[in-house]
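Structure assessment
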Amino acid sequence: MTDKGQRGYMIERADDAASGGNLEPWEALATEAVGTVMGFWNFKRNHGRVWALLYLRDQALSQSELQDVLDLSKGAASMITRELETWGVIRRVRAPGDAPWRFEAETDLMRMIGRVLRERETELVRRVRLDLEEAERLARTGPPEVRRRLSRLSALAALVDGALRTFVATARFDASGVVRVLLPSAIRDRKRPRT
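Description of the structure in this document. Quick caveat, the model's predicted, so the values are computed rather than measured.

Some points on the side chain of H47
Secondary-structure assignment places H47 in helix α3 (residues 45–57). H47 sits in the buried class, given a relative accessible area of 7%. Engagement of the side chain of H47 in a polar contact is seen with the side chain of E83, the distance being 2.6 Å. Contacts of H47, omitting those with residues within four sequence positions, involve I80, E83 and L84.

Okay, here's the thing in structure tokens:
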């Protein structure tokens, strides 16, 4: 069963989606919540579910255990663990004398988020920024209002690009410059200190 989420996105309800497998009710709710966020960020929902289960249980699980607990097919579990390893959000481990590989979650959340932002979002923002700068260059002879609006979009993209790079490097995010660009000029002018 799905509910219409914010802005019309279809969101699978956790109580329906988590009915399979061997999860405690709190595990089902938490893994589905993380899965929903991952789906919103254009990852597969099961990427979030697998990582969340490993993170919450704080123990390495084999691929077959992940299949059983999360009610995944063998192929899905194999693909998901391989992709999560590539992103560096889980790692493969093997105890001495243990036959199957097991997987454990990356527990440093800032490192994990930083890596995904660095490898995915920062590249997207950089491309958008370059495209807007090129559009601004091409519109040099266009109407002044169009040039002004393109300039604001370019400034916003540059600020977001810089903010993401700073966040990845320092785990701090300063949105003050972005807010200044987003505010309409009438509001910005009103907020300037009077001299």
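The rest of the description comes next.
Overview of the pattern of salt bridges
Summed over all chains, the structure comprises 18 salt bridges. Close ionic contact of E27 with R57 constitutes a salt bridge, the shortest N to O distance being 2.6 Å. With E27 in helix α2 (residues 25–40) and R57 in helix α3, this residue pair connects regions lying 30 residues apart in the sequence. When its relative accessible area of 25% is taken as the criterion, R57 is described as partly exposed. Of the charged contacts in the structure, one is a salt bridge between R111 and D108, with a shortest N-O distance of 3.7 Å.

With respect to the packing of α2 against α3
Where α2 contacts α3, the two axes come as close as 7 Å, and the packing angle between them is 140°. Comparing the axis directions of α2 and α3 gives the class oblique. For the pair α2 and α3, the crossing hand works out as right-handed. Between α2, through W26, E27, A30, T31, E32, V34, G35, T36, M38 and G39, and α3, the contact on the second element is made entirely by R45, G48, R49, W51, A52, L53, L56 and R57. Looking at the contact of α2 with α3 residue by residue, the classes come out as eight nonpolar, five polar and five charged.

Things to note about the packing of aromatic side chains
For the coordinates displayed, the defined rule picks out two aromatic pairs. Ring geometry for F43 versus W87: centroids 5.5 Å apart, planes at 80°, classification edge-to-face. Of this pair, F43 sits in the loop between α2 and α3 while W87 is found in helix α5 (residues 74–87), placing the two residues 44 residues apart along the sequence. Relative accessible area serves as the criterion here: at 22%, W87 is assigned to the partly exposed category. The ring of W101 carries the charged tip of R94 above its face, separated from the ring centre by 4.1 Å.

Description of a nonpolar patch on the surface
Taken together, the side chains of W26, Y55, L56, L109 and I113 make up a nonpolar region of the molecular surface, amounting to roughly 430 Å² of accessible area. Secondary-structure elements contributing two or more residues to the nonpolar patch are α3 and α6 (109–138). In this fold, Y55 is placed in helix α3.

Conventions and cut-offs
Residues numbered from 1 in each chain as written. Predicted model: local features only at pLDDT ≥ 70, side-chain atom pairs only at ≥ 80, totals over all residues. Heavy atoms only, no water. Helix = DSSP H or I, 4+ residues; strand = E, 2+ residues; numbered from the N terminus. Buried < 20%, exposed > 50% of the residue type's maximum accessible area, 1.4 Å probe, protein only. Polar contact = N/O pair within 3.5 Å; in protein donor to acceptor, adjacent residues only side chain to side chain. Contact = heavy atoms within 4.5 Å. Salt bridge = Lys/Arg side-chain N within 4 Å of Asp/Glu carboxyl O. Axes fitted to C-alpha atoms, helices over the stretch in contact; angles between N-to-C directions. Parallel < 35°, antiparallel > 145°, perpendicular 65-115°, else oblique. Left-handed = near helix turned anticlockwise from the far one by under 90°. Nonpolar A, V, L, I, M, F, W, Y, C, P; charged D, E, K, R; others polar. Phe/Tyr/Trp six-rings, centres within 6.5 Å; stacked < 30°, edge-to-face > 60°. Lys NZ or Arg CZ within 6 Å of the ring centre and 35° of its normal. Patch = residues over 30% accessible without salt bridge, like charges linked within 9 Å, V, L, I, M, F, W, Y side chains within 5 Å. Areas by Shrake-Rupley, 256 points an atom, 1.4 Å probe, with all protein chains shown as cover.

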